[in-house]
Amino acid sequence: MRRTLNVIRLQLINRQTFIWVPLIILGSAVVISVLIYAMIPVDTPKYGGGGQAPLWYFFAIGISAMTLTFPFSQAMSITRRDFFFGTLLTAILGSAFMGVVFLIGGAIETLTNGYGVNGYVFYLPWLWEAGPLGAFIVYFTLALFLFVVGFTGATIYKSWGPTVLTIVGVGLALVLVGLAFLATRLDLWGQVWTGILDAGALGLALWGLVATVILVGVSFLAFRRAIP
C-alpha cells in the first residue's frame, strides 16, 4: 500500500495536472458563460454546458499519465502493478475533487440566482434531479470515465502500436454505427430516448461506472505488455 501511495505522490508532483489546470479551465468557462448569459435579453433561466470543459481535460490527463509518467516510473523501479493501481487511485481522487468543485459551484449559483443573470453552468436541472449526491456521482463518473478512456487508449498504443489502436478505434466506430443502423431500421429510437429519460442522469452515470470498470480491466490486461 505504501508503494501505491508513492505512485500517487509521483502523479501529484506536478499539481498543475490534476488541480490547477482543471480549475483554470473551469474558471475560464464560468466567466465566459456568465458574460454570454448577461448578453441574452431574457429573464428565463439560461443553461450552458461550459462547465464540462475541465472534465474532458481528464481524457488528456489519462493519456499523459501513461505516455509521460509511466516511462519515468519504470526508471525509478516502480512495479507495473503499483503504478497501475496508484494511477487509478489518483484519477479517482482527482475525479472526486472535481465532483466536489461542481457541487460548490451549483450551491453558489443557487444562492446568487445564477450569478445575478439567471444563468447556470453547474446547476443543470436534469443532472441535479437526484439531489446533490446524484449530481456528484454524475460529475465524478464523467471525469473518471474520460480519464480511463484516455489511459486505455494510450496503453493499447504503448502495447501494440498505432495500427492496433487505429483498428480498435475504427471497430468501435463501426459498432456504434451498426447499433444506430439497427435502431433506425427497427424503429427503436423512440424506445431508446424513452429509456434514457427514464434512467435519468444518475442512471446513466451508474452505467458509466460499469463501462469504466470494464475499461479498467481491458487496460490492466494490455498494461502488462506496455513498452515504456
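Relevant structure appears above.
Since the model is a prediction, treat every value here as computed from it, not as a measurement.

## Focus on the overall build of the chain
Consideration 1: Along the backbone of the chain there are nine helices and two strands.
Consideration 2: In the chain, the order of α-helices and β-strands from amino to carboxyl end is α-α-β-α-α-α-β-α-α-α-α.
Consideration 3: Overall size of the chain, expressed as C-alpha extent along the three principal axes, is 60 × 50 × 30 Å.
Consideration 4: Burial analysis of the chain (228 residues in total) assigns 39% to the buried set.
Consideration 5: In the chain, the proportion of contacts linking residues at least 24 apart, taken out of those at least 6 apart, comes to 81%.
Consideration 6: Summed over its atoms, the accessible surface of the chain is roughly 12,700 Å², and 74% of this surface lies on carbon and sulfur atoms.
Consideration 7: Side-chain charges in the chain split into 11 positive and 6 negative, and the spacing between the mean points of these groups amounts to 28 Å.

## Digging into a nonpolar patch on the surface
Consideration 1: Taken together, the side chains of Val175, Leu176, Leu179, Phe181, Leu182 and Leu186 make up a nonpolar region of the molecular surface, amounting to roughly 630 Å² of accessible area.
Consideration 2: For Leu182, the location among the structural elements is in helix α8 (residues 162–185).

## Here's the deal with the nonpolar core
Consideration 1: In terms of nonpolar packing, the biggest core is built from 43 residues, with Phe147, Phe151 and Phe223 touching the most fellow members.
Consideration 2: Among the elements of the structure, α1 (2–11), α2 (15–39), α3 (53–75), α4 (80–111), α6 (125–128), α7 (131–160) and α9 (189–223) are those that each provide at least two residues to this core.
Consideration 3: For this core, the element with the most residues is α7, which contributes 12 residues.
Consideration 4: Apart from residues no more than four positions distant in its own chain, Phe147 is found in contact with Phe18, Phe58, Phe59, Ile61, Gly62, Ala65, Thr87 and Ala91.

## Things to note about the packing of α2 against α4
Consideration 1: Where α2 contacts α4, the axes come no closer than 11 Å and their chain directions differ by 35°. Judged by the twist between their axes, the crossing of α2 over α4 is right-handed. Contact with α2, carried on its side by Phe18, Ile19, Pro22, Leu23 and Leu26, involves Thr90, Ala91, Gly94, Phe97, Met98, Val101 and Phe102 of α4 and no other residues of that element.

## Observations regarding α9
Think of an α-helix as turning once every 3.6 residues; residues three or four places apart then point the same way.
Consideration 1: With 35 residues, α9 extends just 37 Å between its outermost C-alpha atoms, more than 12% less than the 51 Å of an ideal straight helix rising 1.5 Å per residue.
Consideration 2: Of all bends in α9, the biggest is about 100°, found at Gly200.
Consideration 3: Of the positions making up α9, those classed as buried are Gly200, Ala201, Gly203, Ala205, Gly208, Thr212, Val216, Ser219, Ala222 and Phe223.
Consideration 4: The elements touched by buried residues of α9 are α3, α4, α6 and α7.

## Looking at the environment of Thr112
Consideration 1: Residue position: Thr112 is located in the loop between α4 and α5 (114–118).
Consideration 2: Taking the C-alpha atoms as reference, Thr112 lies 39 Å from Trp189; in sequence the two are 77 residues apart.

Parameters at a glance
Residues numbered from 1 in each chain as written. Predicted model: local features only at pLDDT ≥ 70, side-chain atom pairs only at ≥ 80, totals over all residues. Heavy atoms only, no water. Helix = DSSP H or I, 4+ residues; strand = E, 2+ residues; numbered from the N terminus. Buried < 20%, exposed > 50% of the residue type's maximum accessible area, 1.4 Å probe, protein only. Contact = heavy atoms within 4.5 Å. Areas by Shrake-Rupley, 256 points an atom, 1.4 Å probe, with all protein chains shown as cover. Lys, Arg positive; Asp, Glu negative; His and termini not counted. Charge placed at Lys NZ, Arg CZ, Asp CG, Glu CD. Patch = residues over 30% accessible without salt bridge, like charges linked within 9 Å, V, L, I, M, F, W, Y side chains within 5 Å. Salt bridge = Lys/Arg side-chain N within 4 Å of Asp/Glu carboxyl O. Core = buried A, V, L, I, M, F, W, Y, C linked by side-chain atoms within 4.5 Å. Axes fitted to C-alpha atoms, helices over the stretch in contact; angles between N-to-C directions. Left-handed = near helix turned anticlockwise from the far one by under 90°. Expected span 1.5 Å × (residues − 1). Bend = angle between axes of the 7 residues up to and from the residue.

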